[in-house]
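# Observations on chain architecture
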Amino acid sequence: MWAQQGATPGTPKLRHTCEQGDGVGPYGWEFHDGLSFGRQHIQDGALRLTTEFVKRPGGQHGGDWSWRVTVEPQALGTSALPLVSLFFYVVTDGQEVLLPEVGAKGQLKFISGHTSELGDFRFTLLPPTNPGDTAPKYGSYNVFWSSNPGLPLLTEMVKSRLNSWFQHQPPGDSPERYLGLPRSLKWEDRGPNGQRQGQGQFLIQQVTLKIPFSMDLVFESSSAQAGGNQALGQLAGSLLTQALESHAEAFQERFEKTFHLKEKGLSPEEQTLGQVALSSLLGGIGYFYGQGLVLPDMGVEGSEQKVDPALFPPLPLFSGVPSRSFFPRGFLWDEGFHQLVVHRWDPHLTREVLGHWLGLLNADGWIGREQILGDEARARVPSEFLVQRAAHANPPTLLLPVAHMLKGGDPADLNFLRRAFPRLHAWFSWLHQSQAGPVPLSYRWRGRDPALPTLLNPKTLPSGLDDYPRASHPSATERHLDLRCWVALGARVLSQLAEKLGETEAAAELGPLAASLEAEESLDELHWAPDLGVFADFGNHTKAVQLKPRPPQGLVRVVGRPQPRLQYVDALGYITLFPFLLRLLDPNSPHLGPLLDVLVDSRHLWSPFGLRSLAASSPFYGQRNSEHDPPYWRGAVWLNINYLALGALHHYGHLEGPHQTQAAKLHSELRANVIGNVWRQYQATGFLWEQYSDQDGHGMGCRPFHGWTTLVLLIMSEDY
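Residues numbered from 1 in each chain as written. Predicted model: local features only at pLDDT ≥ 70, side-chain atom pairs only at ≥ 80, totals over all residues. Heavy atoms only, no water.

### A few points about the overall build of the protein chain
For the protein chain, the count of helices and strands is 17 helices and 32 strands. Oriented by its inertia axes, the alpha-carbon framework of the protein chain measures out at about 85 × 60 × 55 Å. Residues counted as buried form 57% of the 720 residues belonging to the protein chain. Expressed as a percentage of contacts within the protein chain between residues at least 6 apart in sequence, the contacts between residues at least 24 apart total 69%. Carbon and sulfur atoms form 53% of the exposed surface of the protein chain, whose accessible area is close to 29,600 Å². Where the 60 positive side-chain charges of the protein chain centre and where its 72 negative ones centre are 5 Å apart. (Helix = DSSP H or I, 4+ residues; strand = E, 2+ residues; numbered from the N terminus. Buried < 20%, exposed > 50% of the residue type's maximum accessible area, 1.4 Å probe, protein only. Contact = heavy atoms within 4.5 Å. Areas by Shrake-Rupley, 256 points an atom, 1.4 Å probe, with all protein chains shown as cover. Lys, Arg positive; Asp, Glu negative; His and termini not counted. Charge placed at Lys NZ, Arg CZ, Asp CG, Glu CD.)

And the structure:
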């Protein structure tokens, strides 16, 4: 944690967790290799913080690591240099042991400890220095030790104890006041028998000093030290500087070897953007553990209100997150896209992540679409999104990296897929059976919002496309085009995998299903809308719906004429393109041309910044879904779908057929538009964004969004 002292009257603003509205930024990882090295920059008003780490393997417990924090003025020549407090803390959650050794003036010499996972270890916080120097710099020290109040409450606990005034007075300088912790190592709340059972400890060192400065924190594992690391010397000071520099150099070399951006003629600035995208995605991977709230599937839609949600057994999840500031948890439909990027860099990491996600499978083969595991995660999520429903699916995007692994043929990947196959098969079978539609080979997302009078178009959160317009009046007769295409892709990938692994029984079941779902006659029969000239959803629908003010309720949905009837849903956009996006069409298909015409038409989907999610010609384009619900998938440009579109254009541009030349040309133009806009917005704001405006390209939604927007790297690399 950190705080700038004296910047404003009263308690200094304590920075700790990454929050959407806290005014910090830009921030993100410049380098992160996903394993042993990273460097992150954070801009906080007049301050620029750099945090960097190196891990040194050894021993039986993961090795040693060192962390450096550097705080400098944002602008050169700043006259009045601020006083800043850094707060280094260690927190445990159960039976672990922490033993602090304190020197003069509240300075911790080191903290010894032991846990079952880490064995014996020691933390040492070295004296501060000027950046790039080894001479110590004067600092004031405070320390605080307590029982662990729970991870979501750490920030508030420190804020509440930050209530005593102290003097910071380097030799020869005039004193300055600062707010500090009690400067006592008396363990507060200690019961008569010492630590409370299972409660854990919270030990924090506050260091206050004038910027600029650097501080090194060293974690040493006893087994790594005994195994030879001790002979290498403590990873701090000039040794740490050398290690950081050599890791940065190795990262850049490996990056070019993996993604070939320089070779492809991208500018140094665009190469930097690619490195930031990869590093920020890897730096956002986290380990979560705890219990999620789940509403069981009662088998009958609408019956879910009659039962209470249950806590799932505690589970671990190692996963990327879409956004550290706004969505700091695992999302099923995002993770498949994340792993497309990660797998190119570190296949082992992808196998770890996919293994954890498949470990969440319940007995039916269901995986919850949002993973909100434990108290810390729950503290960051609005209550209406806490409960996962065991009848609701999500796009099976984990099959995208599986397909890539299958194509690559790496023996380690194939060994993993052999072990994972029973779970992948169970997951796919659950999706195919539980979301089956009203007629054979049709599918319907369960869990659409009910037709409330306040909603312009009931949302379909399980589809991942939230407020994308579906049939205006939800019913069991619906046929959802995107879901049909996802199931077709799943059948194809798992059928190929079963063949490859020699799973003859599964192959005999999946092969014919894949062939049926990929047969264009069946797709035509269920989803080709002759009057619209494109593929579409089918359901009980009318375009004559509007939100109109009706006091005192506010905006209320009004249904005009024509009244809803069973028909194809006229909502030109991403869903229209799904048979093309997932490459389900033959290159000679009579439907490929019309889809490309819709894609390239600026009245519909084409914009100078990428493909918009909903046609500019649609009555739903840019429309709010309720008084308090701005448009989300109703025009904005999203990188995950643009990546699929570019992959499809690249695919059809390399296959002989009547549309080969047009597909190749569109690939080149769309790729330039997408890369150019993401780069310009990064230059202007320092962030990757959740979505981009189709009107002027500016970043929208949450930021930083280091989830699927990092697919810009694969787009630059032309790796689909």
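On we go.
### So, the confidence of the model for the protein chain
Of all residues in the protein chain, 97% have pLDDT values of 70 or greater, and the mean over the chain is 94. Below pLDDT 50 for its whole length, residues 189-196 participates in twelve contacts with residues either more than four positions away or in separate chains. (pLDDT = per-residue confidence, 0-100.)

### Section: the pairing of strand β11 (residues 140-147)
Burial analysis of β11 places eight of its eight residues in the buried class, which makes it a mostly covered element. Pairing geometry for β11 and strand β14 (residues 201-210), over eight bridges, is antiparallel. For F144, the partnering residue across the bridge sits in β14 and is I204. (Pairing = 2+ DSSP bridges.)

### Considerations on the environment of L424
For L424, the position within the fold is in helix α9 (residues 411-434). Taking the C-alpha atoms as reference points, L424 and P396, separated by 28 residues in sequence, lie 10.0 Å from one another. In this structure L424 touches L358, L399, V402, L417, L494 and L497, once residues within four positions along its chain are discounted.

### Digging into the sheet that holds strand β6 (residues 64-73)
Across the sheet, which stays open at both edges, the eight strands sit in the order β3-β4-β5-β6-β15-β10-β9-β8 with antiparallel pairing between neighbours. In this open sheet, the two strands that pair with only one neighbour each are β3 (27-32) and β8 (97-102). Geometrically, the sheet is characterised by an average inter-axis angle of 15° between neighbouring strands, direction not taken into account. Packing against the sheet, helix α3 (residues 237-259) makes contact with β3, β4 (37-44), β5 (47-56), β6 and β15 (213-221), and its axis sits at approximately 85° to β5. (Axes fitted to C-alpha atoms, helices over the stretch in contact; angles between N-to-C directions.)

### Points about unusual backbone geometry
In this chain, I211 is followed by P212 through a cis amide linkage whose omega measures 0°. Relative to the helices and strands, P212 is located in the loop between β14 and β15. Not every positive phi belongs to a glycine, and D466 is a case in point at roughly 35°. In this fold, D466 is placed in the loop between α9 and α10 (481-501). With phi around 55°, E718 is a residue other than glycine that occupies positive phi space. In this structure, E718 sits in the segment after α17 (712-717).

### Side note on the sheet that holds β14
Strand order in the open sheet made by the five strands is β2-β1-β7-β14-β11, with antiparallel pairing throughout. Only two strands of the sheet have a single partner each, and these edge strands are β2 (14-15) and β11. Two strands pair when backbone bridges link them, and strand β1 (residues 2-5) and strand β7 (residues 83-91) are joined in this way by four bridges, in the antiparallel orientation. Pairing of W2 across the sheet is with L86, part of β7.

### Let's talk about the packing of α9 against α10
One can describe the packing of α9 onto α10 by two numbers: an axis separation of 10 Å at closest approach and a directional angle of 145°. As α9 packs across α10, the resulting crossing turns out to be left-handed. Residues L414, L417, R418, F421, L424, H425, F428, L431 and H432 of α9 form the contact with α10, whose participating residues are L483, V487, G490, A491, L494, L497, A498, K500 and L501. Residue classes in the contact of α9 with α10 are distributed as 13 nonpolar, three polar and two charged. (Left-handed = near helix turned anticlockwise from the far one by under 90°. Nonpolar A, V, L, I, M, F, W, Y, C, P; charged D, E, K, R; others polar.)

### A few points about helix α8 (residues 399-408)
Extensive coverage of α8 is indicated by the burial of seven of its ten residues. Buried within α8 are the following residues: L399, L400, P401, V402, H404, M405 and L406. Lining the buried residues of α8 we find α5 (332-345), α6 (347-358), α9 and α10. Of the residues flanking the end of α8, it is G409, one or two places downstream, whose phi is positive at about 75°.

### So, empty space enclosed by the protein
Applying the stated rule across the entire model yields four cavities of 30 Å³ or more. By volume, the largest cavity amounts to about 130 Å³. What lines the largest cavity is a set of 16 residues, among which G292, V294, F312, Q371 and L373 lie closest to the centre. Grouping the amino acids of the lining of the largest cavity by side-chain chemistry returns ten nonpolar, five polar and one charged. (1 Å grid on protein atoms, 1.4 Å probe; cavity = no way out; pocket = protein on both sides within 12 Å on 5 of 7 lines; lining within 4 Å. Points joined across faces, edges and corners; volume = space filled by probe spheres on them.)

### Description of helix α15 (residues 639-652)
Across its 14 residues, α15 extends 20 Å between first and last C-alpha, which sits within 8% of the 20 Å expected from 1.5 Å per residue. Summarising burial for α15: twelve of the 14 residues are buried, a large majority. When we look at burial in α15, the residues that qualify are L639, N640, I641, N642, Y643, L644, A645, L646, G647, A648, L649 and Y652. (Expected span 1.5 Å × (residues − 1).)

### As for the packing of aromatic side chains
Evaluated as defined, the whole model comprises 35 aromatic pairs. On the basis of an interplanar angle of 75° and a centroid distance of 5.1 Å, the ring pair of W333 and W708 is categorised as edge-to-face. Here W333, found in helix α5, pairs with W708, found in the loop between β32 (699-700) and α17; they are 375 residues apart in sequence, far enough to count as distant. Here the two residues W333 and W708 agree in accessibility, since each one is buried. Each residue in the set W333, F337, Y574, Y632, W633, W638, F705 and W708 is aromatic and connected to the rest through ring pairs, giving one cluster. The ring centre of W165 lies 3.8 Å from the NZ or CZ of R177, which sits over that ring. The side chain of R479 reaches across the aromatic face of F538, ending 4.1 Å from its centre. (Phe/Tyr/Trp six-rings, centres within 6.5 Å; stacked < 30°, edge-to-face > 60°. Lys NZ or Arg CZ within 6 Å of the ring centre and 35° of its normal.)

### Notes on the side chain of T129
On the secondary structure map, T129 appears in the loop between β10 (119-125) and β11. Within the structure, the side chain of T129 is placed 3.3 Å from the backbone oxygen of D133, a separation counted as a polar contact. Those residues in contact with T129, other than ones at most four positions away along the chain, are T134, A135, P136, K137, F213 and S214. (Polar contact = N/O pair within 3.5 Å; in protein donor to acceptor, adjacent residues only side chain to side chain.)

### Here's the deal with the nonpolar core
When a protein is soluble and globular, its nonpolar side chains tend to lie buried together. One finds L86, L278, L424, L497, F580 and W633 to be the most contacted residues of the largest nonpolar core, which totals 180 residues. The dominant element in this core, judged by the number of residues it contributes, is α10, at 13 residues. Setting aside chain neighbours within four positions, we find L497 in contact with V402, L406, L417, F421 and L424. Ranked by size, the runner-up nonpolar core spans 13 residues in total, among them A3, L14, M157 and V158. (Core = buried A, V, L, I, M, F, W, Y, C linked by side-chain atoms within 4.5 Å.)

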